[in-house]
Number of protein chains: 4
Amino acid sequence: MGLWFTEKQTDNFGITMKVNQTLHTEQTEFQKLDMVETEEWGNMLLLDGMVMTSVKDEFVYHEMVAHVPLFTHPNPENILVVGGGDGGVIREVLKHPSVKKATLVDIDGKVIEYSKKFLPEIAGKLDDPRVEVKVADGFMHIAESENEYDVIMVDSTEPVGPAVNLFTRGFYAGISKALKEDGIFVAQSDNPWFKADLIRNVQKDVKEIFPITRLYIANIPTYPSGMWAFTIGSKKHDPLEVSEDRFHDIETKYYTKELHKAAFVLPKFVGDLVK
Amino acid sequence: MGLWFTEKQTDNFGITMKVNQTLHTEQTEFQKLDMVETEEWGNMLLLDGMVMTSVKDEFVYHEMVAHVPLFTHPNPENILVVGGGDGGVIREVLKHPSVKKATLVDIDGKVIEYSKKFLPEIAGKLDDPRVEVKVADGFMHIAESENEYDVIMVDSTEPVGPAVNLFTRGFYAGISKALKEDGIFVAQSDNPWFKADLIRNVQKDVKEIFPITRLYIANIPTYPSGMWAFTIGSKKHDPLEVSEDRFHDIETKYYTKELHKAAFVLPKFVGDLVK
Amino acid sequence: MGLWFTEKQTDNFGITMKVNQTLHTEQTEFQKLDMVETEEWGNMLLLDGMVMTSVKDEFVYHEMVAHVPLFTHPNPENILVVGGGDGGVIREVLKHPSVKKATLVDIDGKVIEYSKKFLPEIAGKLDDPRVEVKVADGFMHIAESENEYDVIMVDSTEPVGPAVNLFTRGFYAGISKALKEDGIFVAQSDNPWFKADLIRNVQKDVKEIFPITRLYIANIPTYPSGMWAFTIGSKKHDPLEVSEDRFHDIETKYYTKELHKAAFVLPKFVGDLVK
Amino acid sequence: MGLWFTEKQTDNFGITMKVNQTLHTEQTEFQKLDMVETEEWGNMLLLDGMVMTSVKDEFVYHEMVAHVPLFTHPNPENILVVGGGDGGVIREVLKHPSVKKATLVDIDGKVIEYSKKFLPEIAGKLDDPRVEVKVADGFMHIAESENEYDVIMVDSTEPVGPAVNLFTRGFYAGISKALKEDGIFVAQSDNPWFKADLIRNVQKDVKEIFPITRLYIANIPTYPSGMWAFTIGSKKHDPLEVSEDRFHDIETKYYTKELHKAAFVLPKFVGDLVK
């Protein structure tokens, strides 16, 4: 046996994994931050005891957050990432040559600092000249922005702790204002097995503000149930109607242009949540 | 804390869940059988310490094993299920009105017996008049059958213990012989995250025997990684080319006719396994 | 891995053991009762998720609760056991030929019922003609008794749940009243490593009522820290001054007449608790 | 939940504790060394996944190894500690004013190095001028010594890995040769619950070489079963016959002169092992 980290994903179910060593552990101003070296998944970031990202499976989340909205928008130039201090979404965003500027706003500078140190494969592009990193409250940043971004990506923790404001109708209204007239946003939306109500509520809230609202899914083995959901709200462009010539080659391990569409084909019980 | 069941899905990773009580535990002639009542997933069948099926998420596996090949075949009448003693696949098979006979061959009668007792929602259709249940070695049953079945479904345990023969090239050759000339078979094929080699090998073996070989996936939260793969080998009918009018309404919670096709759209790293 | 029961003995420390099967699990009127078959300790009784007794190590607790006060008293005839529904203390009490009557008062009849069924080695003497079993509140039974018992043994659970009254000064005063003029009582008093304050408080309370107050210890591997404490309050007879000819042979696995005295020789940090 | 270290003390039983962080982890030339910060026990040294010592309960082991033989010997001047690289036994040895020299021989210099760094309360006396620290094979050191030491203390790991030679008859013969004519040695001897055979064998071997052979016990909550055994072999002085005026005041938390004798009064099933 030895040293194992267990995340109780619900009161009665969880995942457990062998830990070789802790690399850093700290109570930041906002949350408990642990960087651990796991045997199965490589280095892993935990916030408040929940798996955020790991070297081995991070590509799924980061590719699927970034490329679905970026290929949906015809010419994404100015991008905002709220949360995402590990830098994985930024790394994917920069694969799109149309992008001129990518702003990362994470409330917790420690996440950025220790991701750079212990997750260089993920955070390595945070120093790119097109990237601006701000340690600030994403909710406030959104509130102060107007008609500015082509794509906004909400890469938040669960709706407990510092991220609680990022799951409110007011936040989605702010996002709409912060987006340009053909803007699009995506937000991670937890999983349909254990958080059906959350998904339903987010869909309902977003639908009231955005004419095009969609849900898509991806398989992330270290996240609860292995099936993760993402909500898209879009003012004009529909992710289901991207023309073939919009796609261009990028290096990925999960995303493909075929999967771009297939990810929106939901299992029946998931589809029922968003009707 | 209390009583928790942990399945180490790899040497260094696993799932853990609260158990209210054990309902039955027995070393059968073939394997360790445990029926447990879990708080999160309801009653659950374990074989050799591995999760086989649970009341709450069994629908994914059983629907996806059954309906993909059954809707691919234009007129499935005679069906064979190898393994699957819990009865879940049979239950789904019987939803197809074309089916005249469904034979279940499981090597371990105890699995059938205790599934009927503790998993009635799953095993309840094993007494249907169209069903014949045989407690026998599936490998031998296949070897003795010729030009008999429209669809064969291999619902086996992992390739350790009693199921080891069910992952051999000889077995696939036997299946081909047992199928009619336009027959089709499906086999559960573990997961792409931890068992990439197994998937690659099964694909290679099946491709040598069946002109049409495909891989599709589904999300099963209690199985390793949450992403489960299924291999199809078909003599004539391609699961990707089912005409719209072949589908008819059946009651499902996971399968839809849209998902029938989307399930074959693989994440890039999975698609790379089957090239 | 498989099925393991873990008792968190403190918030940050505990024991964990392999469970073959649950034999019975029930929320009784008073507490959660689990009877489990463990691989290491044999059948085991859990109340509210805490180990009460196991077939393999029960002899320590039961012998040490019973024989220390019984050999201290010169002629114990009428004995009361409060709690102890598993019957282990009663079994030891009956080894003393002077005993004419032993009354067991446990508030939870289910503990008695399932101990008889699943712990026959422990509970087997509850049907002895000298034994009276009452399902009743021990606190009330004590309050209604006067000048009646030679020895009272308090074999309670922790001071949470149904046993909370059994750790109060009022209870010790009641015990004094219920005892004859040379009576003696013993109570399990948890462990010095994690519950120093409890031991200190019990000693202080008992000292105010009984002229002779002592603490002794025994090693119980399935109890927190492995070192368990017992408090003695005595009106007249000192357990440290038992004459050699008082002892007689009884069959034991832990208690000896030499250990009778050595058990009162406390490690320094434990002795400091009772000064 | 979070990060927990579990030591399986047997195949089916163990302890589990919350770990705040790992301080150092290394595969040394001889064993896996982990220094962890636990919430319950403070900093803790693990070798090959087994608890060696912790800040909170180390005093029991170190006091009981050192003071029992040192107070038994009338004038211990030259002391050898085999193993014990954490320095705890040395710290206790130096509390005896008669001691002129204490030699520590541990095979693994890394244990010494990281104990100094992370367990300063324990290892802090290794730099005392009376102490000589040698990184060498204790078995060889013993083999090369003759008529040299008053007291030898064997503070080894379990008889697996580097310590396997320290549980052999040849080693005890070497100790006898290395001791002066009235020398005495003590060795940790595991626990009577899970390792009865080991205790029996050690006793048998030592009895063949030393005229006075004794077993004593102490309660160590982080060691298997909470009851730990120590074997004494002595050429002349009997630990049970120390005169009152031999004792002098030393600062301890577990050992007392009364406990010196009481520690040899064994529970019946333990006493039966050494008959």
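Residues numbered from 1 in each chain as written. Chains lettered and ligands numbered in written order. Predicted model: local features only at pLDDT ≥ 70, side-chain atom pairs only at ≥ 80, totals over all residues. Heavy atoms only, no water.

A.B. asks: I'm lost on the UniProt feature "binding site: S-methyl-5'-thioadenosine" (unreviewed entry) in chain A in this one. Help?
C.D. replies: Residues and elements named next belong to chain A. The UniProt feature table records "binding site: S-methyl-5'-thioadenosine" (unreviewed entry) at Q31, D106, D137, G138 and P162. Checked against the element boundaries, Q31 lands in the loop between β2 (13-27) and β3 (32-38). Filtering out sequence-adjacent residues up to four positions away, Q31 remains in contact with E26, L47, D48, D108, V111, T157 and P162. Looking at the element boundaries, G138 is found in helix α5 (residues 138-143). Given the relative accessible area of 6%, G138 is considered buried. Beyond its immediate stretch of four places on either side in the chain, G138 contacts V82, V105 and F171. (UniProt positions renumbered as here; feature names shortened; annotations may be inferred. Helix = DSSP H or I, 4+ residues; strand = E, 2+ residues; numbered from the N terminus. Contact = heavy atoms within 4.5 Å. Buried < 20%, exposed > 50% of the residue type's maximum accessible area, 1.4 Å probe, protein only.)

A.B. asks: Even after reading the chapter, I still don't get the pairing of strand β11 (residues 212-219) of chain B, so can you show me in this structure?
C.D. replies: Side-chain positions along a regular strand alternate between the two faces of the sheet. All names here are of chain B. Most of β11 sits out of view: seven of its eight residues are buried. Where β11 lies against strand β12 (residues 227-234), eight bridges are found, and the strand directions are antiparallel. Residue pairing in the sheet places R214 in a bridge with I232 of β12. (Pairing = 2+ DSSP bridges.)

A.B. asks: Sorry, what's going on with the domain arrangement of chain A here?
C.D. replies: A common measure of how large an interface is: the accessible area buried when the components associate. Residues and elements named next belong to chain A. The domains assigned to chain A are domain 1 (4-52) and domain 2 (58-239 + 252-274). Just the C-alpha atoms count here: the centres of domain 1 and domain 2 sit 22 Å apart. Taken together, the contact pairs 20 residues of domain 1 with 19 residues of domain 2. Where domain 1 abuts domain 2, roughly 1900 Å² becomes buried across the two surfaces, and 73% of that area is made up of carbon and sulfur atoms. Our count for the contact surface shared by domain 1 and domain 2 stands at one salt bridge. When the shortest N-O distance is used, the salt bridge between K110 and E26 registers 3.4 Å. Elements that contribute at least two residues to the side of domain 1 that touches domain 2 include exactly β1 (2-10), β2, β3, β4 (42-47) and β5 (50-54). (Domains from an automatic or database assignment. Buried area = accessible area lost by both parts, 1.4 Å probe. Salt bridge = Lys/Arg side-chain N within 4 Å of Asp/Glu carboxyl O.)

A.B. asks: Help me understand the pairing of β4 of chain A, please; the structure alone is not making it clear to me.
C.D. replies: All names here are of chain A. Counting buried residues along β4, five of its six residues qualify, which places the element largely inside the surrounding structure. In this structure, β3 lies alongside β4, joined through six bridges in antiparallel fashion. Bridge pairing in β4 places T38 opposite G42. Where β3 hands over to β4, the hairpin turn is made up of three residues, counted between the paired strands. Sheet analysis places β4 next to β5, joined by four bridges and oriented antiparallel. Looking at β5, one finds that M44 is bridged to S54. Counting the residues that bridge the hairpin from β4 to β5 gives two residues, and of these D48 lies at a positive phi of roughly 50°.

A.B. asks: Help me understand the interface of chain B and chain A, please; the structure alone is not making it clear to me.
C.D. replies: Chain B puts 39 residues into the contact, and the matching count from chain A is 39 residues. Summing the contributions of chain B and of chain A, the shared interface buries around 3100 Å²; its carbon and sulfur component is 69%. Summed over the three residues of chain B that lose the most area to chain A, namely N12, F13 and W193 of chain B, the buried surface amounts to 22% of that side. Summed over the shared surface of chain B and chain A, the result is 14 residue pairs in polar contact (both at pLDDT 80 or more). Those elements that place two or more of their residues in the side of chain B that touches chain A are β1 (2-10), β2 (13-27), α1 (58-72), α8 (257-262) and α9 (268-271) of chain B. With six residues, the single largest contributor to the side of chain B that touches chain A is β2 of chain B. Residues of the side of chain B that touches chain A, tallied by class, amount to 19 nonpolar, 10 polar and 10 charged. In this sheet, β2 of chain B lies alongside β2 of chain A in antiparallel orientation, the contact comprising five bridges. Bridged to G14 of chain A within β2 of chain B is T16 of chain B. (Polar contact = N/O pair within 3.5 Å; in protein donor to acceptor, adjacent residues only side chain to side chain. Nonpolar A, V, L, I, M, F, W, Y, C, P; charged D, E, K, R; others polar.)

A.B. asks: I keep staring at the sheet that holds strand β10 (residues 179-188) of chain B and nothing clicks. Help me out?
C.D. replies: The strands making up a sheet associate through backbone hydrogen bonding, with each pair oriented either parallel or antiparallel. Residues and elements named next belong to chain B. Ordered in space as β8-β7-β6-β9-β10-β12-β11, the seven strands form an open sheet in which the pairing is mixed. On the outer flanks of this sheet lie β8 (131-135) and β11, each paired with one strand and no other. In this sheet, neighbouring strand axes are inclined to one another by 15° on average, regardless of whether the strands run parallel or antiparallel. Pairing of strand β9 (residues 149-155) with β10, which is carried by five bridges, proceeds in the parallel orientation. Within the sheet, the bridge partner assigned to V154 lies in β10 and is A187. Along the sheet face, helix α6 (residues 169-178) touches β6 (78-83), β9 and β10 and points at about 140° away from the line of β10. (Axes fitted to C-alpha atoms, helices over the stretch in contact; angles between N-to-C directions.)

A.B. asks: When you look at the packing of aromatic side chains in this model, what are you seeing that I'm missing?
C.D. replies: The geometry of an aromatic ring pair is captured by the separation of the ring centres together with the interplanar angle, meaning the angle of the planes. Per the counting criterion, the structure on display carries 78 aromatic pairs over all chains. Ring plane angle 45° and centroid distance 4.9 Å describe the contact between Y216 of chain B and F264 of chain B, whose orientation is recorded as tilted. Pair noted here: Y216 of chain B is in strand β11 and F264 of chain B is in the loop between α8 and α9, with a separation of 48 residues, a long-range link. The buried category is assigned to Y216 of chain B, whose relative accessible area is 0%. A relative accessible area of 10% places F264 of chain B in the buried class. Put simply, the rings of F13, W193, F194 and F269 of chain A together with W41, F59 and Y254 of chain B pair up and form one aromatic cluster. The cationic tip of K56 of chain A hangs over the ring face of W41 of chain A; the distance from NZ or CZ to the ring centre is 5.4 Å. (Phe/Tyr/Trp six-rings, centres within 6.5 Å; stacked < 30°, edge-to-face > 60°. Lys NZ or Arg CZ within 6 Å of the ring centre and 35° of its normal.)

A.B. asks: Teacher, can you tell me more about the sheet that holds strand β8 (residues 131-135) of chain C here?
C.D. replies: All names here are of chain C. Spatially, the seven strands line up as an open sheet ordered β8-β7-β6-β9-β10-β12-β11, and their pairing is mixed. Only two strands of the sheet have a single partner each, and these edge strands are β8 and β11 (212-219). Neighbour to neighbour, the strand axes of the sheet diverge by 15° on average, direction disregarded. Of the strands in this sheet, β6 (78-83), β9 (149-155) and β10 (179-188) touch helix α6 (residues 169-178), which is tilted by about 140° from β10.

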